[in-house]
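Listed below are the residues making up each chain.
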2 protein chains.
Amino acid sequence: MRHHLAAALAMTLALAATSTRAAEDKPTPTAKELLAASKPSEWRTPDPANLLYMQLPQGRVVIELAPDFSPLHAQNIRTLVRQRYFDGLAIVRVQDNFVTQWDDPNGDDGGDKAKMHPLGNARATLPPEFTRPIDPKQAWTPLPDGDIHAPQVGFSEGFPVARDPAHDKEWLVQCYGMVGVGRDVPPDSGNGSALYAVIGQAPRRLDHNLAVAGRVLQGMQYLSALPRGTGPMGFYDKASERTAILSVKLASELPPAQREKIQVLRTDSPTFYALIDVARHGHNAFYPVPVGKLGICDIQAPVRVDGKPL
Amino acid sequence: MRHHLAAALAMTLALAATSTRAAEDKPTPTAKELLAASKPSEWRTPDPANLLYMQLPQGRVVIELAPDFSPLHAQNIRTLVRQRYFDGLAIVRVQDNFVTQWDDPNGDDGGDKAKMHPLGNARATLPPEFTRPIDPKQAWTPLPDGDIHAPQVGFSEGFPVARDPAHDKEWLVQCYGMVGVGRDVPPDSGNGSALYAVIGQAPRRLDHNLAVAGRVLQGMQYLSALPRGTGPMGFYDKASERTAILSVKLASELPPAQREKIQVLRTDSPTFYALIDVARHGHNAFYPVPVGKLGICDIQAPVRVDGKPL
């Protein structure tokens, strides 16, 4: 009983020729094999003005902003970053099966308000950007299996998206690894100075209530493996439990030679379509029964650094 | 911008009188309020023969077995526990957004097979128990919003369950916090000596391919916050990275005075029905837009210890 569950999990995503439960004995290709066969043109290099490098003591977290979905938030976050707003802040909250949140701890109860980092040129409030009108010019990779929350789900520009054509709305879905915007009670009170990453089952109840700023491309394990806070809602009880944010920089602030060689598989590429098919219908000796259906938070756009898949 | 996302998350689950988007200004009751108003008879005390106490250096994990769904696995796991099979084993794998797995590390490549813990009186193979015929005598709390994977979803005996009446099948769903049975390639090769807990988006592709043994009731944060393994599939590269399992005992092996005072809200209770309603239609100042729908992995049966909600 060596690797048990492990043994064949690398084979879990494998391509089937048919959409029915597999009768063939031959295992379908693996995700790894499909990625290895991908073409250079299927990968995009994110705009460095949209990439945040958040340096934690454990390592670097790379976040891609989604300015086509939340442009005012992207702009405000860039302004905050350039002012070094986040440097010296902290991860203040880790709630199990929900979110890891970073913020100015001096804004919390018991904090020293006089020491709060000033917003400077950034805006204190922003229009919510919880949803946006559907952009017909945007490439759209639909998932065919439905969703209990939205009429349509699929991928645009590497992000998981839900659509409601009858109301001409689309929005980024709060899947694992997505980065959302904390706020106070007023819907316009989010400005990007407090952000969170989803670390559990997708909390879809946030979808129309909180803006999504982007997605963690790299270093998610530094956000998901933090000790859970024992205070209400996963806030840390003691300042000593917080994880320091050493710095947040835009990739565009660094000389090109110092930037990560990070790429994201285009979600409108043949290889991503093949990965979707594989995730739905793949089978092999370990997984004889294909799952058949794929939810919007069950697959992510693959990332590679220096040409190596993460 | 004090608690941002935090401020009103306690209010996230709140009861609405209607199933449409809330027009009322009055916030709906919170989950906390509903639980506070629950009756003692709505809580069940799990059978101590079904409770595993897994002691890690960080603290205790309590797992409830599901013998009505996977009776042979429950029996085999009890046999292993009584033989002290798990004492001295380790958490060998933590794969981000997937599973934390514990096992005999000497069974892995590079391990000393001679030092493996013997299965003793436990069986080496078991009938898979991936699904079972629907038990009409079992209390069934349906979720009304559907599921992309199964014709019906709901709760039985505190566990998330999917049903396919046309094929007279039901099965435990691999939601966050559920405990599954690792195995080798043959479907009958799982025996409960290697187990895993789901720590991310529910991997529904496992549903018909791996048996579910139960659910983590307490201490999930000790399994979910572990450093992710950097080897293939999240296995730890070095033995020093593993977390030791100090002991696993059945609650029934301890004198009653030493057992946890743990209770689970009955999933066929009025309060659980109210919690479902609240999760679907709750709204308040922070969350003005009710999510409207609830997935099978979006709600869990609440647990309390010494009368205090976890």
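Residues numbered from 1 in each chain as written. Chains lettered and ligands numbered in written order. Predicted model: local features only at pLDDT ≥ 70, side-chain atom pairs only at ≥ 80, totals over all residues. Heavy atoms only, no water.

The name given to chain A in an unreviewed UniProt entry is peptidylprolyl isomerase, and the organism recorded there is Rhodanobacter geophilus.

K.L.:
When you look at the overall build of chain A in this model, what are you seeing that I'm missing?
P.N.:
In terms of helices and strands, chain A carries 4 helices and 17 strands. Taking 2.2 N^0.38 as the reference for a compact globule, 310 residues should give roughly 19 Å; the C-alpha atoms of chain A span a radius of gyration of 20 Å, in line with that estimate. For chain A, the C-alpha atoms occupy an extent of roughly 70 × 50 × 40 Å along the three principal directions. Expressed as a percentage of contacts within chain A between residues at least 6 apart in sequence, the contacts between residues at least 24 apart total 70%. (Helix = DSSP H or I, 4+ residues; strand = E, 2+ residues; numbered from the N terminus. Rg over C-alpha atoms; globule rule 2.2 N^0.38 Å. Contact = heavy atoms within 4.5 Å.)

K.L.:
Is there a simple way to think about empty space enclosed by the protein in this case?
P.N.:
It is the rolling of a water-molecule-sized probe over the atoms that shows where space remains empty. Enumeration according to the criterion identifies 11 cavities of 30 Å³ or more in this entry. Of the volumes computed, that of the largest cavity is approximately 330 Å³. Every residue lining the largest cavity is counted, 22 residues in all, and those nearest its centre are Asp 147 and Gln 201 of chain A together with Asp 147, Gln 201 and Arg 204 of chain B. Class assignment for the residues of the lining of the largest cavity results in 8 nonpolar, 8 polar and 6 charged. (1 Å grid on protein atoms, 1.4 Å probe; cavity = no way out; pocket = protein on both sides within 12 Å on 5 of 7 lines; lining within 4 Å. Points joined across faces, edges and corners; volume = space filled by probe spheres on them. Nonpolar A, V, L, I, M, F, W, Y, C, P; charged D, E, K, R; others polar.)

K.L.:
What is the right way to look at the sheet that holds strand E2 (residues 51-56) of chain A in this model?
P.N.:
The strands that make up a sheet pair up through hydrogen bonds in the backbone, lying either parallel or antiparallel. Residues and elements named next belong to chain A. Pairing is antiparallel across the open sheet formed by 9 strands, whose spatial order is E13-E4-E5-E11-E10-E12-E3-E2-E14. Each having just a single partner strand, strand E13 (243-244) and strand E14 (247-250) make up the two edges of the open sheet. Two elements, strand E10 (residues 178-181) and strand E12 (residues 212-218), share 3 bridges in a ladder whose sense is antiparallel. Across the sheet, Met 178 pairs through a bridge with Arg 215, a residue of E12. Where helix H2 (residues 71-82) meets the sheet, it contacts E2, strand E3 (59-65), E10, strand E11 (195-198), E12 and E14, and its direction lies at approximately 120° from that of E14. (Pairing = 2+ DSSP bridges. Axes fitted to C-alpha atoms, helices over the stretch in contact; angles between N-to-C directions.)

K.L.:
How do you make sense of the environment of Glu 170 of chain A when you look at a structure like this?
P.N.:
All names here are of chain A. Within the secondary structure layout, Glu 170 lies in strand E9 (residues 169-172). For Glu 170, a relative accessible area of 0% corresponds to the buried category. Expressed as a C-alpha distance, the spacing of Glu 170 and Arg 132, which sit 38 residues apart in the sequence, is 5.5 Å. A distance of 2.8 Å separates a polar atom in the side chain of Glu 170 from a polar atom in the side chain of Arg 163. (Buried < 20%, exposed > 50% of the residue type's maximum accessible area, 1.4 Å probe, protein only. Polar contact = N/O pair within 3.5 Å; in protein donor to acceptor, adjacent residues only side chain to side chain.)

K.L.:
Just checking my understanding: could you explain the relation of the copies chain B and chain A for this structure?
P.N.:
Here the two chain copies are tied together by a rotation about an axis and a shift along that axis. Superposition record for chain B on chain A: RMSD 0.0 Å, screw rotation 180°, translation along axis 0.0 Å. In symmetry terms, the pair is related by a two-fold rotation axis. (Least-squares fit on C-alpha atoms with pLDDT ≥ 70 in both.)

K.L.:
Is there a simple way to explain the pairing of strand E5 (residues 99-103) of chain B in this structure?
P.N.:
Two faces belong to every sheet, and in a regular strand the side chains alternate between them. All names here are of chain B. Within E5, 5 of the 5 residues are buried, which leaves the element mostly enclosed by the surrounding structure. Alternating residues of E5 divide into Val 99, Gln 101 and Asp 103 and Thr 100 and Trp 102, and every residue in both groups is buried. The pairing of strand E4 (residues 90-95) with E5 spans 5 bridges and is antiparallel. Following the sheet pairing, Val 94 is matched in E5 by Thr 100. Hairpin connection from E4 to E5: 3 residues lie between these consecutive antiparallel strands, with Asn 97 at a positive phi of about 60°. Bridge count for E5 against strand E11 (residues 195-198) is 4 bridges, and the pairing is antiparallel. Considered in E11, the bridge of Trp 102 is made with Leu 195.

K.L.:
Any chance you could explain the UniProt feature "domain: PPIase cyclophilin-type" (unreviewed entry) in chain A here in plain terms?
P.N.:
Mapped onto this numbering, the UniProt entry annotates "domain: PPIase cyclophilin-type" (unreviewed entry) at residues 57-250 of chain A. Here residues 57-250 of chain A runs as 9% helix and 29% strand, with 18 Å between its end C-alpha atoms. (UniProt positions renumbered as here; feature names shortened; annotations may be inferred.)

K.L.:
When you look at the pattern of salt bridges in this model, what are you seeing that I'm missing?
P.N.:
Residues and elements named next belong to chain A. By the definition in use, this model includes 26 salt bridges over all chains. One salt bridge connects Arg 84 with Asp 87, and the closest N-O pair in it is separated by 3.3 Å. Using a relative accessible area of 30% as the deciding quantity, one classes Arg 84 as partly exposed. Measuring nitrogen to oxygen at the nearest pair gives 3.1 Å for the salt bridge that ties Arg 266 to Asp 268. For Asp 268, a relative accessible area of 34% gives the class partly exposed. (Salt bridge = Lys/Arg side-chain N within 4 Å of Asp/Glu carboxyl O.)

K.L.:
Which parts of the structure should I look at to understand the state of the cysteines?
P.N.:
Residue and element names in this part refer to chain A. By the definition in use, this model includes 2 disulfides over all chains. Each disulfide pairs two cysteine sulfurs, and for Cys 175 the partner residue is Cys 297, the sulfurs being separated by 2.0 Å. Judged by the sign of its S-S torsion, about -75°, the bond between Cys 175 and Cys 297 is left-handed. Here Cys 175 is found in the loop between E9 and E10, whereas its partner Cys 297 is found in the loop between helix H4 (270-281) and strand E16 (303-305), with 122 residues between them in sequence. Of the two residues, Cys 175 and Cys 297, both sit in the buried class. (Disulfide = S-S within 2.5 Å.)

K.L.:
What is the right way to read the domain arrangement of chain A from this model?
P.N.:
Residues and elements named next belong to chain A. Partitioning chain A into domains gives domain 1 (4-44 + 263-309) and domain 2 (48-115 + 125-260). Taking the mean C-alpha position of each, domain 1 and domain 2 sit 27 Å from one another. The partner domain 2 presents 26 residues to the 19 residues of domain 1 that form the contact. Summing both partners gives a buried area of about 1700 Å² for domain 1 against domain 2, and 60% of it is carried by carbon and sulfur. For the domain 1 face of the interface with domain 2, the top three residues by lost area are Thr 267, Ile 296 and Cys 297, together amounting to 34%. (Domains from an automatic or database assignment. Buried area = accessible area lost by both parts, 1.4 Å probe.)

K.L.:
Sorry, what's going on with the sheet that holds strand E6 (residues 141-142) of chain B here?
P.N.:
All names here are of chain B. Spatial strand order, E6-E7-E8-E9: 4 strands in an open sheet with antiparallel pairing. The sheet is open, and its two borders are formed by E6 and strand E9 (169-172), each paired with just one other strand. Summarising the sheet, E6 and strand E7 (residues 152-156) pair through 2 bridges and their orientation is antiparallel. By the bridge assignment for E7, Pro 142 is matched with Gly 154.

K.L.:
What am I meant to see in the interface of chain B and chain A here?
P.N.:
Note: interface size is frequently given as the accessible area lost on complex formation between the parts. Listed per partner, the contact involves 70 residues of chain B and 68 residues of chain A. Buried surface at the junction of chain B and chain A, summed over both partners, amounts to about 5700 Å²; 58% is from carbon and sulfur atoms. The interface formed by chain B and chain A contains 12 residue pairs in polar contact (both at pLDDT 80 or more). Elements represented by at least two residues in the side of chain B that touches chain A include exactly E5 and helix H3 (220-224) of chain B. For the side of chain B that touches chain A, the residue count by class is 32 nonpolar, 20 polar and 18 charged.

K.L.:
Help me out: how do you make sense of helix H4 (residues 270-281) of chain B in this one?
P.N.:
Residues lying three or four places apart along an α-helix face the same way, a consequence of the helix completing one turn every 3.6 residues. Residues and elements named next belong to chain B. Here H4 spans 16 Å end to end across 12 residues, near enough to the 16 Å set by a 1.5 Å rise per residue. For H4, the buried fraction is high: 9 of the 12 residues fall into the buried class. Within the sequence span of H4, burial applies to Thr 271, Phe 272, Ala 274, Leu 275, Ile 276, Val 278, Ala 279, Arg 280 and His 281. Summarising the contacts, the buried residues of H4 are in contact with helix H1 (31-36), E6, E7 and strand E15 (262-265). (Expected span 1.5 Å × (residues − 1).)

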